[in-house]
Protein chains: 2
Amino acid sequence: MDISSLRQQHPDHWKKACAIRTLTLDAVAAANSGHSGMPMGMADVATVLYEKHMVFDAKAPDWPNRDRFVLSAGHGSMLVYSLLHLTGDPEFPIEELKNFRQWGARTAGHPENFLAKGIETTTGPLGQGLSMAVGLAMAEESLRARWGAKIIDHYTYCIAGDGCLMEGVSQEAIGLAGRHELSRLIVLWDNNGITIDGKVSLSDRTDQKARFAASGWDVFECDGHDPVDIDRAITAAKASKGPAFVACTTHIALGSSAQDTSKGHGALTDAKLIADTKAAYGWTHGAFEIPSDVKQAWEAIGSRGAEARKAWEDRLAALSDAKRALFEQQFSGDVPKKLSATIRNVKKQAAETAPKVATRRASEIVLEAVNPIATETLGGSADLTGSNNTKTADLGVFDPINRKGRYVYYGIREHGMAAAMNGMALHGGLRPYGGTFMCFADYCRPAVRLSALMHVPVVYVFTHDSIGLGEDGPTHQPVEHLASLRAMPNMLVFRPADLTETAEAWEIALSQKATPSVLALSRQNLPAVRKTHTNKNLVAQGAYVLEEATGKRQVILIASGSEVEVALKAREALEAEGIGTRVVSMPCMELFAAQDEAYRRKVLPPGAVRIAIEAGVRMGWDRWLLGERGREGKDGFIGMTGFGASAPAERLYQEFGITPEATVAKAKALLG
Amino acid sequence: MDISSLRQQHPDHWKKACAIRTLTLDAVAAANSGHSGMPMGMADVATVLYEKHMVFDAKAPDWPNRDRFVLSAGHGSMLVYSLLHLTGDPEFPIEELKNFRQWGARTAGHPENFLAKGIETTTGPLGQGLSMAVGLAMAEESLRARWGAKIIDHYTYCIAGDGCLMEGVSQEAIGLAGRHELSRLIVLWDNNGITIDGKVSLSDRTDQKARFAASGWDVFECDGHDPVDIDRAITAAKASKGPAFVACTTHIALGSSAQDTSKGHGALTDAKLIADTKAAYGWTHGAFEIPSDVKQAWEAIGSRGAEARKAWEDRLAALSDAKRALFEQQFSGDVPKKLSATIRNVKKQAAETAPKVATRRASEIVLEAVNPIATETLGGSADLTGSNNTKTADLGVFDPINRKGRYVYYGIREHGMAAAMNGMALHGGLRPYGGTFMCFADYCRPAVRLSALMHVPVVYVFTHDSIGLGEDGPTHQPVEHLASLRAMPNMLVFRPADLTETAEAWEIALSQKATPSVLALSRQNLPAVRKTHTNKNLVAQGAYVLEEATGKRQVILIASGSEVEVALKAREALEAEGIGTRVVSMPCMELFAAQDEAYRRKVLPPGAVRIAIEAGVRMGWDRWLLGERGREGKDGFIGMTGFGASAPAERLYQEFGITPEATVAKAKALLG
């Protein structure tokens, strides 16, 4: 690579790009860890993108109509931090960059959206950024159709590396973007031919351009170090009819002795290497030192969008009061105004009619009431619409000819769906929910984890939540999934028992601003377990006394979802034998754990045999039982110890011993 | 679709194919559930494949050199069961088909490899079968190179649907197959244009042929209902240089009123529809009735390979005794002969040198000893070779020019890697292991679950197993992963504390025949905690007393992996203050749970304060503590309650309070 000619041909550009490169070298050296090669390789592309194309205002990084920039190759985080510092984001003074990868800094090892307004997304797990960018672009299309181009009208740019493109989720995202003709989405591929293990050719010989074209993308190419060529390619990509894929030929760790090698991917911390590289750049300044002309040029870029932002604010102010209030409510993530009253109505009707329905159908009943009064919802399913009961009649289908549609046919793409929903939620203005079978939560788990980590209130509608789904067998029967989802920090896992609990769970989920929710819903019909109406949301306490013991309380049965019915029947039998039995419904362990000790003790007082009942593994329940040796055989669990099997649901419950009879027998054995 | 012309042009073929179709209709009707459309649509392709190409012997379905057939679109399981019954597999009399989807039947809703020898793989979670087929084909290449074409020399066929191709894992598999030029792999795409939600075009407009070609596949097409055209395409595909993709244009639910609709995907149980469809087929026989000429024709197909099998057995018998014994050991999955002695040597050296190494490096030390004496191992990593320490010098790299290589550069494809390893393990003759960062266990979780469900002893090398990885931050720091993996049935999760425990964990993992293992390994260096050598494998007990209290035992500290060091230091401090403290190392909860009560009670006796220490979430540990209210504050947990952060590891341990000091303080507080 002839660096000197680059320097000579475009000296102003070169200096701006080298500011990124040298900040990267300096920060990685200071941290003694990190990834140098990617920002060094993509500095030219990023510089042209920010200088000539990105519409943003560094002083107002959360302006709703800004262009979005996603660094899918998140390990190259110094690219983002350099851009934020150089353009003048007030959260990124040079001290932040000097603290790269240190405790408390905004400059974490990988970009974390919750640490600074200017960081659009958390990235690092490869492929996620690209897939979230698809969601951001879908959100833009949806919101532009709803609010008009005066209010929402922007591009989504994404830099992706070979790792992003090799991860399977990328294919799901590519397919989704192609199908929806997301012409405002521009993916810039850092085509450097290098991965951690060596050359890309060690593990792949995919023609990426042909692959993207096969899914309906428009494909462009450029020399990723020639600013004129980069500008030409991005300009063309912006005018494309489909989503645009720009293959940028680059050199990883440009200009260093590690250029074009896998060593260049990692942390370049050798002092001589750094000095030599800076010399090759013609960079004579000290560590973390940006000459004022270069900084000023970058700050001019950072303020280039200020006028556009102000004009946008005027347009927003010109909306009717009602419209503006709605915009602000939906973009802030505040609870929809009529949510509480709507849920109350559903509950009242449920108390009157006591419908025996599957909770997946209960969820649909709730959505039928909620979707009309919460127009920020955007529903969907990974090709299980009729099974997940996620589509209500009012939504309409989102596609290129109906951008106002609020339902997405995601295809058989759980992972792409979840990642896209993350992107939509990050965008603001939308509250996405999406369905699949609970067993396939595994397929989208990396994106579900990002919902939790990024603090985005996506709602996962996971139906067919146990062996209760029956004949499809163990590949489709969740057993460990409730435990594995409950293990995740910042995640609410709801397993409601009937329509009333389902309505309450939805109310809580739709009220979250920083926590995603899982709704675990049954395939099979369940009786109404809450007989009398109360305005209070009992699910919000996580667990509550559903039926009290009539005599002396000897047994407490704790259950969730479809097994609350089992507990109630077991209680009836025990009470008939004079054994006082309380039934506790526990639709949300996380919310119960968050209650104060007094309440928890009131619901689960000592002195009685406790049995938990759930058609899943025991893990997670021990916390609410008495511990293996704590009370010498005073606790029990009725549930699964291994995988399920293929047979009708009733037979499975019998064979696996999740029955009122088994519960009664266990209670009596424990009572001795 | 003009069925009558098909009937007339190829009457013998038609009858054979209709036997599959009508058995499907009858079984689905009897079960009142299932998926009719796929077997009805692909019956012609399957018939030609079995009649003209598949080398197999229905009476010996586990013959090691048979062609493999994988139904990736597993919901169409009646295709497999029909073929097994028709060709004369003794495990599939007609009664099995009549019991479709019933308790105890081999004919589960989706194919389950563990229910019958003739079922190659468990499928149903879409995309997995295709990806396992890639692993099967890699195994064939590897074993053919090792044993010669006289012993291993076969094709792998796979039927995949649109769902398989939309799932992201398919892209990882396609890329892997293309890179490795798996010319013996033939994927037959059921190109019917229909998914559950409707037309494929609702959610995708990918040109699949172009997509496969972009990754180096040879692409073919055929009319999936014309036996001559199917035969031509498969014949051409067998002669391809790369992996072959055959796009078979088909009609889902052929000949029924649900043909070409999403209704046809599911269970066609309407009596009139079934009668009309059979009439259209010209099929006049009763339910589950196959006319004898048709059955005989199918049985002739089933025995066509018997001669080839016998000839193969003669060739195997002609091998030297030593070679044959090795073949039998490696294909049966028996423990490598010298494994025990080799592990013992590693442990002896560890006891002598007490090396302070990361357990990922310890794992490499073990592999350096084991790989030469266990040549059935096939290692790899998802582009983290240098970090996972999975590659030893003796292995060589598996690729198209060195099929004898025993190390696979899987690329950034955790999911494809895990699924491919499942395929290799199913093939027999190989014991695959593969590495990634533990956090990215999420990316391959659907395939990890299948390892457990299918009873295949794949070994997952998950390094960087906690916040101990430091600066990369929360996206790379597992927190809930140990719990979520331990929640999975039939899975051994090992978290060894030093080289000795790592060696013992590897010994157990490599001795499994029906259970996969996870090795959770540290990035950071750890001191040797086992000071004296013993031949006995202590990890096999799951947990054991590592250090006993010197005085009266007041505290028991239980820890795993890197936190055993924390426990030992805390013990030292507590003992110094006269507080007798036992340290229990618990490298494998599942194995400890499997011990008898007496042993468990010996290790964790009542009467002392118990504290568990692990740099992950508490879930799973409550079982070994005393329960929330069991002993009124006599238990504690030192670990994580939320996501990690980006900073040097030592700082993180301090900030999150996972330290000897915090442990001492908690112990004292609990002692009161």
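See above for the structure.
Residues numbered from 1 in each chain as written. Chains lettered and ligands numbered in written order. Predicted model: local features only at pLDDT ≥ 70, side-chain atom pairs only at ≥ 80, totals over all residues. Heavy atoms only, no water.

Q: Requested: an account of the overall build of chain A, with residues and values cited.
A: Secondary structure summary: chain A contains 26 helices and 20 strands in total. Computed over its C-alpha atoms, the radius of gyration of chain A comes to 28 Å, within 12% of the 26 Å expected for a compact globule of 672 residues. For chain A, the spread of C-alpha atoms along the principal axes amounts to about 95 × 55 × 45 Å. Relative to its full complement of 672 residues, chain A shows a buried share of 69%. For chain A, the exposed area adds up to about 20,000 Å²; of that, 49% sits on carbon and sulfur atoms. (Helix = DSSP H or I, 4+ residues; strand = E, 2+ residues; numbered from the N terminus. Rg over C-alpha atoms; globule rule 2.2 N^0.38 Å. Buried < 20%, exposed > 50% of the residue type's maximum accessible area, 1.4 Å probe, protein only. Areas by Shrake-Rupley, 256 points an atom, 1.4 Å probe, with all protein chains shown as cover.)

Q: Describe the sheet that holds strand 20 (residues 635-638) of chain B, naming the residues involved and giving the relevant values.
A: Residue and element names in this part refer to chain B. One open sheet accounts for five strands, arranged 16-18-17-19-20; its pairing is mixed. Looking along the sheet, the strands with just one partner apiece sit at the ends: strand 16 (544-547) and strand 20. Direction aside, neighbouring strands of the sheet carry axes that sit 30 degrees apart on average. Pairing of strand 16 with strand 18 (residues 580-585), which is carried by three bridges, proceeds in the antiparallel orientation. Bridging across to strand 18, Y544 finds its partner in S585. (Pairing = 2+ DSSP bridges. Axes fitted to C-alpha atoms, helices over the stretch in contact; angles between N-to-C directions.)

Q: Please give an account of the sheet that holds strand 13 (residues 492-494) of chain A that cites residues and values.
A: Strands belonging to one sheet form pairs held by backbone hydrogen bonds; the direction of such a pair is parallel or antiparallel. Residues and elements named next belong to chain A. Sheet architecture is open: six strands sit in the order 10-9-11-12-14-13, paired in parallel fashion. In this open sheet, the two edge strands, each paired with only one partner strand, are strand 10 (407-409) and strand 13. Pairwise comparison of adjacent strand axes, ignoring direction, gives a mean angle of 20 degrees for this sheet. Relative to strand 14 (residues 517-521), strand 12 (residues 459-463) is paired through five bridges, and the arrangement is parallel. If you follow T463 over to strand 14, its bridge partner there is L521. Running at roughly 170 degrees to strand 11 (residues 431-437), helix 18 (residues 414-427) makes contact with strand 9 (377-381), strand 11 and strand 12 of the sheet. (Contact = heavy atoms within 4.5 Å.)

Q: I'd love a proper account of the interface of chain B and chain A, names of residues and values included.
A: A common way to report how large an interface is uses the accessible area buried once the components associate. With 110 residues of chain B in contact, the opposing surface of chain A contributes 109 residues. For the pairing of chain B and chain A, the buried interface totals around 8,900 Å² over both sides, and the portion due to carbon and sulfur atoms is 56%. Interface area lost by chain B to chain A is led by B:W103, B:Y443 and B:R449, which between them contribute 10%. The interface formed by chain B and chain A holds eight salt bridges in total. For the pair chain B and chain A, the interface holds 48 residue pairs in polar contact (both at pLDDT 80 or more). A total of eight residues in the side of chain B that touches chain A trace back to one element, the largest contributor, which is helix 19 (residues 441-454) of chain B. A per-class count over the side of chain B that touches chain A returns 40 nonpolar, 37 polar and 33 charged. (Buried area = accessible area lost by both parts, 1.4 Å probe. Salt bridge = Lys/Arg side-chain N within 4 Å of Asp/Glu carboxyl O. Polar contact = N/O pair within 3.5 Å; in protein donor to acceptor, adjacent residues only side chain to side chain. Nonpolar A, V, L, I, M, F, W, Y, C, P; charged D, E, K, R; others polar.)

Q: Please provide a residue-by-residue account of the pairing of strand 18 of chain B, values included.
A: Across the six residues of strand 18 of chain B, six count as buried, placing the element largely inside the fold. Regarding the hand of the β-α-β motif, the stretch spanning strand 17 (residues 553-559) of chain B, helix 22 (residues 563-576) of chain B and strand 18 of chain B is right-handed. (Right-handed = clockwise from strand over helix to strand, strands pointing away.)

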